[in-house]
Amino acid sequence: MKNLKAMMFNRKASDPKNKPDQILEALSLQPGQNIADIGAGGGYFSLRFANAIGRAGKVYAIDTDPEFLDFISNSAKEKGLNNVETILAMEDNLTLPEKSLDLVFVRNVYHHLPNRVGYFRNLIGLLKPEGKIVVIEYKRGGPFSFRRIFGHYVPLEKIIEGMDKAGYNVSKRFDFLPQQSFTIFIQRK
Ligand SMILES: C[S@@+](CC[C@H](N)C(=O)[O-])C[C@H]1O[C@@H](n2cnc3c(N)ncnc32)[C@H](O)[C@@H]1O
């Protein structure tokens, strides 16, 4: 089934200038891990994660758009990946098994979430104690950039402030992405 928007998301996600291989490397995924890809779009990263974590692991590809989820299910089937489960999410809430997640991946989605502090506070219950939240989010961009004009970005200091209120500390930051900030958060003990 064709979904032009999902295909466009995947084209952008896989473009070498957006450094998908370096992102994967930075995440140091391990076989058997459970990962939630929130706002999975066309599923480019969901499928890369599914390959990296193997049969013993699981990727939850999560989105509010059922057509993107159908596209991801079909792509996973075509590639013989049976460790991808699609989940239709509410805009402001997510239900998954408690304490099950090693990693939550949120790429180019943070600016879409309505109540970020509440949303990420709720996720603490779903993370394993050492679980991580990865936020890759657009930086402001130039005065005529799409993301600046349409507000499709959140400055890093705002992300850190919101995540702090939700109960997380910065664990690592990477500066190799040209258009986005890339931060890994862990829950405060
Ligand atoms: C810009 S796309 C990013 C897709 C993908 N993460 C990537 O990096 O290619 C944003 C995605 O977030 C989804 N989305 C928007 N609001 C959401 C929400 N509250 N919960 C889950 N997904 C959401 C959209 O449907 C869309 O698929």
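Everything that follows concerns the structure shown earlier in this document.
Presented here is an overview of the structure given in this document. (Residues numbered from 1 in each chain as written. Predicted model: local features only at pLDDT ≥ 70, side-chain atom pairs only at ≥ 80, totals over all residues.)

**Here we look at the overall build of the chain**
(1) Moving on: Along its length, the chain carries seven helices and seven strands.
(2) Moving on: Going from the N terminus to the C terminus, the chain shows its helices and strands as α-α-β-α-β-α-β-β-α-β-α-α-β-β.
(3) Moving on: Computed over C-alpha atoms, the radius of gyration of the chain comes to 16 Å, within 12% of the 16 Å expected from 2.2 N^0.38 for 189 residues, which places it in the range of a compact globule.
(4) Moving on: Dimensions of the chain, computed from C-alpha atoms along their principal axes, come out at roughly 40 × 40 × 30 Å.
(5) Moving on: Buried residues in the chain amount to 37% of all 189 residues.
(6) Moving on: Taking all contacts inside the chain whose residues are at least 6 apart in sequence as the whole, residues at least 24 apart take part in 67%. (Helix = DSSP H or I, 4+ residues; strand = E, 2+ residues; numbered from the N terminus. Rg over C-alpha atoms; globule rule 2.2 N^0.38 Å. Buried ≥ 20, exposed ≤ 12 C-beta atoms within 10 Å, placed from the backbone. Contact = placed C-beta atoms within 7 Å.)

**Comments concerning unusual backbone geometry**
(1) Moving on: Phi angles above zero are rare outside glycine, and lysine 19 is one such case at about 55°.
(2) Moving on: Along the chain, lysine 19 falls in the loop between helix H1 (4–14) and helix H2 (20–27).
(3) Moving on: One non-glycine residue, serine 28, lies in positive phi territory at about 45°.
(4) Moving on: The residue serine 28 is located in the loop between H2 and strand E1 (34–38) in this model.

**Here we look at the site of the ligand**
(1) Moving on: Around the ligand, the surrounding shell holds 20 residues, and the nearest of these are Ala13, Gly39, Gly41, Arg107 and His112.
(2) Moving on: Within the residue set of the shell around the ligand, elements represented by two or more residues are H1, helix H3 (44–53) and strand E2 (58–63). (Near = placed C-beta within 6 Å.)

**Looking at the pairing of strand E6 (residues 168–174)**
(1) Moving on: One ladder, built from six bridges, connects E6 with strand E7 (residues 180–187); its direction is antiparallel. The residue bridging phenylalanine 174 from the neighbouring strand is phenylalanine 182, located in E7.
(2) Moving on: In this structure, the hairpin formed by E6 and E7 is closed by a connection of five residues. (Pairing = 2+ DSSP bridges.)

**Observations regarding helix H5 (residues 116–124)**
(1) Moving on: Among all positions in H5, only Arg116, Phe120 and Leu123 are buried. Down the axis of H5, the buried set is contained in an arc of 50°. They therefore lie on one face.
(2) Moving on: Each element contacted by the buried residues of H5 is listed here: strand E4 (101–107), strand E5 (127–138), helix H7 (156–166) and E6. (Arc of directions from axis to C-beta.)

**Considerations on the environment of glutamate 85**
(1) Moving on: Its location among the elements puts glutamate 85 in strand E3 (residues 84–88).
(2) Moving on: By C-beta crowding, glutamate 85 is classed as partly exposed, having 17 other C-beta atoms within 10 Å.
(3) Moving on: With 77 residues separating them along the chain, glutamate 85 and glycine 162 place their C-alpha atoms 29 Å apart.
(4) Moving on: Excluding anything up to four places from it in sequence, glutamate 85 contacts Lys58 and Tyr60.

**Brief notes about the sheet that holds E1**
(1) Moving on: With respect to topology, seven strands assemble into an open sheet ordered E3-E2-E1-E4-E5-E7-E6, the strand pairing being mixed. Where the open sheet ends on each side, the last strands, each with one partner, are E3 and E6. Strand-to-strand twist of the sheet, defined as the mean angle between neighbouring strand axes without regard to direction, takes the value 20°.
(2) Moving on: Sitting on the sheet, H7 touches E5, E6 and E7, and the angle it makes with E7 is about 15°. (Axes fitted to C-alpha atoms, helices over the stretch in contact; angles between N-to-C directions.)

**Points about the nonpolar core**
(1) Moving on: Counting residues in hydrophobic clusters, the biggest one holds 44 residues, and the most contacted among them are Val104, Phe105 and Ile133.
(2) Moving on: Each residue touching isoleucine 133, except ones within four places of it in the same chain, is listed here: Val104, Val106, Phe120, Leu123, Tyr168 and Phe185. (Core = buried A, V, L, I, M, F, W, Y, C linked by C-beta atoms within 7 Å.)

**Looking at the packing of H5 against H7**
(1) Moving on: Packing of H5 against H7 brings their axes to within 8 Å, and their N-to-C directions diverge by 50°. Between H5 and H7, the crossing angle belongs to the class labelled oblique. Pair H5 / H7 crosses with right-handed handedness. Residues Arg116, Val117, Phe120 and Arg121 of H5 form the contact with H7, whose own contacting residues are Gly162, Met163, Lys165 and Ala166.
(2) Moving on: Residues that form the contact of H5 with H7 fall into these classes: four nonpolar, one polar and three charged. (Parallel < 35°, antiparallel > 145°, perpendicular 65-115°, else oblique. Left-handed = near helix turned anticlockwise from the far one by under 90°. Nonpolar A, V, L, I, M, F, W, Y, C, P; charged D, E, K, R; others polar.)

**Topic: the environment of valine 59**
(1) Moving on: One can find valine 59 in strand E2.
(2) Moving on: Along the chain, valine 59 and alanine 36 lie 23 residues apart, while their C-alpha atoms are 5.9 Å from each other.
(3) Moving on: Residue contacts for valine 59: discarding those within four places in its chain leaves Ile35, Asp37, Ser46, Phe49, Ala50, Ile53, Asn83 and Val84.

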